[in-house]
Amino acid sequence: MINTVFNLQLLCASLIMLSIILMHIVKKNSTLVTAYILQSLGLVVLLGSGAIQEKSFGLLVVTAIMFVIKIIVAPSLFIRLIKKSHLNLSASTYLNIPLTLSILLGILVFSQSDILTPLLTLLPVIPQIKTILISGILMSLFLIINRKGALSQIIGVLSLENTIFVFGIFLGVRQLSALEIGLLFDVFFWIVVSSVFVTMIYRNFGSFDISKLNQLKK
Amino acid sequence: MAIILLLVIPIIAIILSALFGHKKEILEKINCVSSVLELLAGGYIVEQVVVSHSYSLFPYFSVEALSALILGLTVLVGIIATFHGVEYFELELGKKMISEKTMQHSYILMRVFLVSMYAAIVTANPIIMWISIEVTSLTSVFLINFFNRPEDLEAAWKFLIINSVGLLFGLLGTLLFLSQGEGLGRIFIQWTDLMSVAHSMSPTLLKFAYLFVIIGYGTKMGFVPMHTWKPDTYNKAPLPVVALLSGALLNVAFLAILRFTLIANISIGKAFSQNLFLFFGFISVTLAGSIIYTQKNYKRMLAYSTIEHAGLMLLGIGFGGIGIFGALLHMIYHSLGKAFFFLLSSNVAVRYSSSIIAEVKGLLKTLPVTGVLYIFAFLFITGMPPFGIFFSEFYIFLGGFAHHIIITSIVILMLIFVFVGFFRSIISMVFTPAPEGVEQGETSMWGLVPVGALALILVIISFYLPPFVTQLLKESVQTITNIR
């Protein structure tokens, strides 16, 4: 049983990690959304397995809501946005693919450095997962910085949020289910608000490319 | 009960505004009445804290001296911004800059913004505080895009992304703090619970957690280097909303930082937080000071002034001793003083339809009362004696000279730059001949009554602090000092 749990944890963490790398290298917005679905799936499975293990009904409800928000609602909103705008090819990155991959590698190496040891010792998981969690947070942050597309930035923020949620799960932080649901509703509203803004950006600038947003400099 | 009322009143106002707000007069009445009732509920809570040292609705809400102080400021700035907003929104509507629908949405969003700030202040739980502060971001992003022009959209987008990323780091820090309260065996952890187990928390881990919290809520407070959203936001958002951002939300984020500081100091000791406060405070004042000196846009100048004053508050806490008292006193004066300055600036912005200093001339002729009050606001906010900020800065520097003479000296030098920068701009705006084609005379009383009332409050509290404020200040200082 313990082995199964560890394997599942490692599988989910790996899925989350791979999805972030995929987000960095894909060019199509629809593939970006698929990567986000995969990542969210990893998070949902992780949370769901915890709920079953703890036999917690509250956590199961939280998992169900998370599934609806992150795997059904958010991707549908994004796909609708892409279809409406006919902009399936995402805006490019500031750095090219080889440079982006080099930085991702650098982040991976940094995540195993001694400076983070105190933070990592607290997590009751195997070292590989610890590295994945830290590098996941940093890589998501890099995604927000490196991508020019507004939709890519939204997915970057949501990816950062997913990795922080996973971090919280591994830390064993349990809050009142109502609070956890509150957090998820907050995420839901964030997704809606940011989608509205992406639509407005497209209407005003004819593109998702935020490097075209240069009115403030004038 | 008063806490429930404080949270329910604006929610009722939101519902009523959504249902019956298509008529401008009804919308204005709903929001003005709501703000008066919020002031009464908030005032009652503050009074209860003064009498009994704390006021709580166990276990979900709790208000003590520091949060009562901030709650008092928030309801006060809230009512003044709402009343001033009536005039502002009407004028923008008259100029066809906004539609009636936008006006209705703005009133609703302003109330959501206010109620989420109240919730963040009165909650006993760190996660609810985080959610509430995140809600302020989600509402203000629409308010920043008030005029719906491309540049407003750009500012709103910048605000949304930077604040969201910052707050996610705040959430990470909060989770790390909460993970240390695991031994409590509770699923609703209060601030006081975390403090009671702080001595057994891992100091090294808390350093990481505290850093994340500082980055997270520091982004919301807007100190350097997490300030980049601020000048653009303050330049583009409607000014009554900016008055709320600068005069109220900044304090709420400061409260979050201070609450985590109290817990961290027990485990790590005061040196860690003190050094961080000094670092961020120092770079905020120096950068903001040098930019104010060369600023050509008065709204951006006020935005950098907010960054400078946030830096001064951090420095006061970092200096310790009398500096802590100075920082909290500074928070009061800045909150009201900056709201006053922004509301006056909204009169200027509506009249001149420009935020460029060179395009605003002859303020004394075009807006005689606003012009005079503008000079007062300038003297107040730059810390000229005998006004309040002079004294709060004096206390901060008194704390600084005890142990950090070099930092204090450089900061004082930067404040001279700030003064000169403001002085040049204000002279150019106020004491120059009025340009042709700009209407002369104040538009109506509505734009002046709220700012006039605020001016009166600023003069009074510069010379006389009501005993209840002194008591709350003393108790707040005591809370911070005992743990330091």
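Definitions and limits used
- Residues numbered from 1 in each chain as written.
- Chains lettered and ligands numbered in written order.
- Predicted model: local features only at pLDDT ≥ 70, side-chain atom pairs only at ≥ 80, totals over all residues.
- Helix = DSSP H or I, 4+ residues; strand = E, 2+ residues; numbered from the N terminus.
- Rg over C-alpha atoms; globule rule 2.2 N^0.38 Å.
- Buried ≥ 20, exposed ≤ 12 C-beta atoms within 10 Å, placed from the backbone.
- Contact = placed C-beta atoms within 7 Å.
- Nonpolar A, V, L, I, M, F, W, Y, C, P; charged D, E, K, R; others polar.
- Axes fitted to C-alpha atoms, helices over the stretch in contact; angles between N-to-C directions.
- Parallel < 35°, antiparallel > 145°, perpendicular 65-115°, else oblique.
- pLDDT = per-residue confidence, 0-100.
- Expected span 1.5 Å × (residues − 1).

Colleague: Hey, could you run me through the overall build of chain B in this one?
Modeller: Within chain B, the secondary structure is distributed over 19 helices and two strands. Whereas a compact globule of 484 residues would reach a radius of gyration of roughly 23 Å, chain B reaches 21 Å, a difference of no more than 12%. Along the first, second and third principal axes, the C-alpha set of chain B runs to 70 × 55 × 45 Å. Within chain B, the fraction of its 484 residues that count as buried is 63%. When contacts within chain B are restricted to residue pairs at least 6 apart in sequence, those whose partners lie at least 24 apart make up 80%.

Colleague: Would you take a moment to explain the interface of chain A and chain B for this structure?
Modeller: Many authors give the size of an interface as the accessible area that is lost as the parts come together. With 33 residues of chain A at the contact, the number on the chain B side is 32 residues. Counting residues per element, the ones that place at least two in the side of chain A that touches chain B are helix H5 (117-121), helix H7 (150-171) and helix H8 (177-205) of chain A. By residue number, the principal contributor to the side of chain A that touches chain B is H8(A), which donates 12 residues. For the side of chain A that touches chain B, the per-class residue count stands at 22 nonpolar, eight polar and three charged.

Colleague: Got a minute to help me understand the packing of helix H8 (residues 203-221) of chain B against helix H10 (residues 239-268) of chain B in this structure?
Modeller: Residues and elements named next belong to chain B. Running from N to C, H8 and H10 point in directions that differ by 170 degrees, and their axes come no closer than 9 Å. Judged on the interaxial angle alone, H10 and H8 are roughly antiparallel. Between H8 and H10, the contacting residues are Pro203, Leu206, Lys207, Tyr210, Val213, Ile214, Tyr217, Gly218, Lys220 and Met221 on the first element and Leu249, Leu250, Ala253, Phe254, Ala256, Ile257, Phe260, Ala264, Ser267 and Ile268 on the second. The residue inventory of the contact of H8 with H10, partitioned by class, reads 16 nonpolar, two polar and two charged.

Colleague: For this particular structure, what's the right way to read the confidence of the model for chain B?
Modeller: Interpretation of this model should avoid reading the predicted coordinates in detail wherever pLDDT is low. Averaged over every residue, the pLDDT of chain B is 93; residues scoring 70 or more account for 99%. Our summary of model confidence lists the complex with pTM equal to 0.94 and ipTM equal to 0.92.

Colleague: Even after reading the chapter, I still don't get helix H13 (residues 322-352) of chain B, so can you show me in this structure?
Modeller: Every α-helical turn comprises 3.6 residues, leaving residues that sit three or four positions apart pointing alike. Between its terminal C-alpha atoms H13(B) stretches 43 Å, which fits the 45 Å expected from 31 residues at 1.5 Å a residue. Most of H13(B) sits inside the fold, with 29 of its 31 residues counted as buried.

Colleague: Whenever I open this one, the environment of Ser177(A) confuses me. Can you help?
Modeller: Residue and element names in this part refer to chain A. On the secondary structure map, Ser177 appears in helix H8. Note: C-alpha distance between Ser177 and Leu60 (117 residues apart in sequence) is 9.5 Å. Residue contacts for Ser177: discarding those within four places in its chain leaves Gly58, Leu59, Val61 and Val62.

Colleague: How should unusual backbone geometry be read in this particular structure?
Modeller: Note: most peptide bonds trans; most residues except glycine with negative phi. Residues and elements named next belong to chain B. For the bond from Val224 to Pro225, the omega torsion is 5 degrees, close enough to zero to count as cis. Within the secondary structure, Pro225 is located in the loop between H8 and helix H9 (229-236). A cis amide bond, omega 10 degrees, links Pro385 with the succeeding residue Pro386. Along the chain, the position of Pro386 falls in the loop between helix H15 (368-381) and helix H16 (388-403). Positive phi, normally seen in glycine, also occurs at Lys96, with a value near 60 degrees.

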